[in-house]
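As a plain string of letters, each chain reads:
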Amino acid sequence: MTDPVILTELRGDGERRTALVRLNRPKQLNALNDEVMDALGEALRRFDADPAVGAIVITGSEKAFAAGADIGMLSQHDFISAYTTDLVTRNWETIRSVRKPVIAAVAGFALGGGCELAMMCDIIVAADNARFGQPEIKLGVIPGAGGTQRLPRAVGKAKAMDMVLTGRMMDAAEAERSGLVSRVLPADKLLDEVLAMGELICTLGTASVLAAKECVNRAYESPLAEGMMVERRMFHALFGTPDQKEGMDAFLAKRPAKFVR
Ligand code: CAA
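Please read all numbers here as calculations on a predicted model, not as lab measurements. (Residues numbered from 1 in each chain as written. Predicted model: local features only at pLDDT ≥ 70, side-chain atom pairs only at ≥ 80, totals over all residues. Heavy atoms only, no water.)

1. Examining the packing of helix 5 (residues 147–155) against helix 6 (residues 157–166)
Axis angle and axis distance: for two packed helices, these are the angle between their axes and the distance between the axes, and together they describe the pair. Running from N to C, helix 5 and helix 6 cross one another at 135 degrees; their axes reach a closest spacing of 7 Å. When the axes of helix 5 and helix 6 are compared, the pair comes out oblique. With respect to the hand of their crossing, helix 5 and helix 6 are arranged in right-handed fashion. Within the contact between the two elements, helix 5 uses Thr148, Leu151, Pro152 and Val155 and helix 6 uses Lys157, Lys159, Ala160, Met163 and Val164. (Axes fitted to C-alpha atoms, helices over the stretch in contact; angles between N-to-C directions. Helix = DSSP H or I, 4+ residues; strand = E, 2+ residues; numbered from the N terminus. Parallel < 35°, antiparallel > 145°, perpendicular 65-115°, else oblique. Left-handed = near helix turned anticlockwise from the far one by under 90°. Contact = heavy atoms within 4.5 Å.)

2. Concerning the site of the ligand
If you check the shell around the ligand, you find 23 residues, and the closest are Lys63, Ala69, Gly113, Glu116 and Glu136. Lys63 has a polar side-chain atom sitting 2.9 Å from an oxygen atom of the ligand. Here a nitrogen atom of the ligand sits 2.9 Å away from a polar atom, N or O, in the main chain of Ile71. If the ligand stood free it would expose 980 Å²; the protein chains cover 61% of that surface. A class-by-class count of the residues in the shell around the ligand yields 13 nonpolar, five polar and five charged. (Near = heavy atom within 4 Å. Polar contact = N/O pair within 3.5 Å; in protein donor to acceptor, adjacent residues only side chain to side chain. Areas by Shrake-Rupley, 256 points an atom, 1.4 Å probe, with all protein chains shown as cover. Nonpolar A, V, L, I, M, F, W, Y, C, P; charged D, E, K, R; others polar.)

3. A look at the pattern of salt bridges
Here the idea is simple: oppositely charged side chains can pair when their charged atoms come close. A complete count under the given rule lists 15 salt bridges for this structure. Where Arg168 meets Asp162, a salt bridge forms, and the shortest distance between an N and an O atom there is 3.0 Å. Here Arg168 falls in the partly exposed class, since its relative accessible area comes to 26%. Put simply, Glu231 and Arg232 hold a salt bridge, and the shortest N to O gap is 3.3 Å. Here Glu231 falls in the partly exposed class, since its relative accessible area comes to 37%. Shared partners join several salt bridges into a network, and the residues in it are Lys159, Asp162, Arg168 and Glu174. (Salt bridge = Lys/Arg side-chain N within 4 Å of Asp/Glu carboxyl O. Buried < 20%, exposed > 50% of the residue type's maximum accessible area, 1.4 Å probe, protein only.)

4. Focus on the nonpolar core
Core analysis: the biggest nonpolar cluster contains 47 residues, and Ile56, Ile58, Phe65, Val106, Ile124, Phe132 and Leu180 have the highest contact counts within it. If one sorts the elements of this core by residue count, helix 1 (residues 34–49) sits on top with six residues. Apart from the residues within four sequence positions on either side, Ile56 is in contact with Ala19, Val21, Leu44, Phe47, Asp48, Val98, Pro101, Val102 and Ile103. Membership of the second largest hydrophobic core comes to 17 residues, among which are Ala107, Ala127, Leu185 and Val209. (Core = buried A, V, L, I, M, F, W, Y, C linked by side-chain atoms within 4.5 Å.)

5. A short note on the pairing of strand 1 (residues 6–11)
Where strand 1 and strand 2 (residues 17–23) come together, six bridges link them in antiparallel fashion. If you follow Leu7 over to strand 2, its bridge partner there is Arg22. (Pairing = 2+ DSSP bridges.)

6. Quick word on helix 1
Given a rise of 1.5 Å per residue, 16 residues ought to cover 22 Å, and the 22 Å separating the end C-alpha atoms of helix 1 matches this to within 8%. Taken residue by residue, helix 1 has Val36, Met37, Leu40, Gly41, Ala43, Leu44 and Phe47 as its buried positions. For helix 1, the buried positions fall inside an angular range of 165 degrees around the axis, keeping them on one side. Those residues of helix 1 that are exposed and aimed more than 90 degrees away from the buried face are Glu35, Arg45 and Ala49. If you follow the buried residues of helix 1, they end up packed against strand 1, strand 2, strand 3 (53–59) and helix 4 (113–120). Structurally, the start of helix 1 carries an N-cap: the backbone nitrogen of Glu35 is 3.2 Å from a side-chain oxygen of Asn33. (Expected span 1.5 Å × (residues − 1). Arc of directions from axis to C-beta.)

7. Notes on a negative patch on the surface
A cluster of like negative charges, contributed by Glu62, Asp128, Asp188, Asp192 and Glu193, occupies part of the molecular surface. Its place among the elements puts Asp192 in helix 8 (residues 190–202). (Patch = residues over 30% accessible without salt bridge, like charges linked within 9 Å, V, L, I, M, F, W, Y side chains within 5 Å. Lys, Arg positive; Asp, Glu negative; His and termini not counted. Charge placed at Lys NZ, Arg CZ, Asp CG, Glu CD.)

8. Structural notes on the environment of Met73
Within the element layout of this structure, Met73 appears in helix 2 (residues 71–74). By relative accessible area, Met73 is classed as buried at 15%. Here the alpha-carbon distance between Met73 and Asp34, two residues 39 residues apart in the chain, equals 8.3 Å.

9. Points about the pairing of strand 5 (residues 102–106)
Remark: a regular strand shows side chains that alternate across the two faces of the sheet. Taking burial as the measure, the five residues of strand 5 include five buried ones, the bulk of the element. Here strand 5 shows a buried face lined by Val102, Ala104 and Val106 and a second buried face lined by Ile103 and Ala105. As defined by bridge partners, strand 5 adjoins strand 7 (residues 123–127) across four bridges and the pair is classed as parallel. Within the sheet, the bridge partner assigned to Ala105 lies in strand 7 and is Val125.

So yeah, pure geometry; function would need other evidence.
Spelled out as structure tokens, the structure:
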């Protein structure tokens, strides 16, 4: 029997729990083929719909988050098949429709589609051995799952051009300096700390968490004035939730808030 290409479990003991999704093709450095991306998409849809899940963490192995799209799979394509089967779109874009926070816990290589998958997550936390890169140029192609679009937004044009045109890797310290990752942790602490982040998010009000994610994403996809309008309306709308009453009452009463779902 072959090993499953992803492993999933629920972590934490609160009312809502963190779903942990582990990419599991360690011998291929978690190269992303259709089987992995189909399974990942199915797991993400299931956890997003499950009210007992408050946050999702995607991780890989100590050596590789994911070393990119599976080059063996890519090498089978010509233009017509890539175009007509919607290569790296059909089963790669599910993550964009997930409304709950998704955190990438990245150790080792996050290259090509692996770096792009991490960038599709809401937060990237890196182990000190993490290495990020878009080496597709060395394969005679370019990043095809958002690398030319999300990397410049994360690290700026100069560094993105440097990475995409030379295919060089960036270490964890450079990734943190450049704004690609939010934190760098010792490799042996990575998963525990990221799961603790997930657990913290699980204790917060669902509506405000979803609204916060939606509004930050608007910053990337709309002009400032429109993004500001969405934020303001969402801010106003949250005054209609029990969580706003509870959060503010708890602060004023100097007690911990207990948010309802
Ligand atoms: N696809 C398929 N197999 C891969 C792979 C990939 N992206 N990356 C690594 N592997 C396989 C290797 O072929 C090797 O398999 P075998 O043991 O059967 O030979 C195994 O994983 C271990 O890899 P290495 O022996 O190469 O390990 P290393 O430590 O010497 O090097 C590495 C590690 C630098 C990450 C190197 O494996 C590498 O350069 N990988 C390719 C990275 C890459 O080019 N990624 C971009 C892919 S294209 C893409 O992602 C397009 C897109 O935008 C969606």
